[in-house]
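Spelled out from the first residue to the last, the chains are:
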Amino acid sequence: MTHALVIGGTGMLANSSLWLVNNGYHVSVIGRNANRMERLLNKANNSSMITPLLVDYRDESLLLKKIRETMQQNGPIELVIAWIHSYADSTLERIASEISQWQGGSWKLFHVLGSRANLTEVKGQIDKLDALQYHQVQLGFKIEDSHSRWLTNEEISQGVIDSIQHDRLLHTVGTMEPWEKRPS
């Protein structure tokens with residue numbers, strides 16, 4: 001059984017977490033909010049395929065401890081979906097390093113990034129590990145009629161799922177242009 005880790009998998013990426021479960025993955029989900037985690041578990045067809053990791057990812061020592069524990073329990077992590085806010089910019093590097101130490105072979109990281117992210121700069125910070133297959137999913141916006149809006153959680157999750165299914169190294173969900181039309 002393939003073990004996946006979803007960082008931020010109880011909110012915007014909840015449908016991605018559930019899709020992984022429905023496709024045979026054991027999914028460890030990092031989230032801060034116990035109520036959102038409970039909602040995710042209640043929506044799952046098989047909640048035993050989800051290992052909740054209730055932790056604020058800014059607490060890196062506790063986070064890495066929980067990641068080690070879930071790998072001991074569920075095996076090496078082969079797929080990561082990560083939505084990490086910019087205030088915790090070193091967190092993903094630490095997680096990637098930890099997983100690479102445990103992982104005997106290659107593994108995939110699908111890094112979800114906001115519309116303002118500099119993809120080249122971000123990739124240079126994280127894409128240093130030999131066993132890591134690094135993928136970027138950049139979130140744009142939708143233009144409907146004469147106005148624009150941000151993506152819904154469902155659209156974001158579907159974009160991430162599409163990126164995984166097609167093994168896309170770079171995938172934009174929605175549009176990035178024209179930039180001046182993005183929602184405020």
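The shown structure was predicted, so the numbers you read here are calculated from the model rather than taken from an experiment.

1. Digging into the layout of surface pockets
Any empty space left between the atoms is revealed when a probe the size of a water molecule rolls over them. Of the volumes computed, that of the second largest pocket is approximately 260 Å³. Every residue lining the second largest pocket is counted, 13 residues in all, and those nearest its centre are G8, T10, R32, R36 and H85.

2. What to know about the side chain of S17
Its place among the elements puts S17 in helix α1 (residues 14-22). Taking relative accessible area as the criterion, S17 reaches 0% and is therefore assigned buried.

3. Describing the pairing of strand β1 (residues 3-7)
Of all the five residues making up β1, five are buried; the element is thus mostly covered by neighbouring parts of the structure. Alternating positions in β1 separate into two faces, H3, L5 and I7 on one and A4 and V6 on the other, with burial throughout. Direction of pairing for β1 relative to strand β2 (residues 26-31): parallel, over a ladder of five bridges. Residue pairing in the sheet places A4 in a bridge with V27 of β2.

4. Observations concerning the packing of α1 against helix α6 (residues 153-165)
Contact geometry of α1 with α6 gives a least axis separation of 7 Å together with a crossing angle of 40 degrees. In terms of their interaxial angle, α1 and α6 are classed as oblique. Facing A14, N15, S16 and W19 of α1, the residues of α6 in contact are E154, S157, V160, I161, I164 and Q165. In terms of residue class, the contact of α1 with α6 is built from five nonpolar, four polar and one charged.

Here is what the cut-offs are and how they apply
Residues numbered from 1 in each chain as written. Predicted model: local features only at pLDDT ≥ 70, side-chain atom pairs only at ≥ 80, totals over all residues. Heavy atoms only, no water. 1 Å grid on protein atoms, 1.4 Å probe; cavity = no way out; pocket = protein on both sides within 12 Å on 5 of 7 lines; lining within 4 Å. Points joined across faces, edges and corners; volume = space filled by probe spheres on them. Helix = DSSP H or I, 4+ residues; strand = E, 2+ residues; numbered from the N terminus. Buried < 20%, exposed > 50% of the residue type's maximum accessible area, 1.4 Å probe, protein only. Pairing = 2+ DSSP bridges. Axes fitted to C-alpha atoms, helices over the stretch in contact; angles between N-to-C directions. Parallel < 35°, antiparallel > 145°, perpendicular 65-115°, else oblique. Contact = heavy atoms within 4.5 Å. Nonpolar A, V, L, I, M, F, W, Y, C, P; charged D, E, K, R; others polar.

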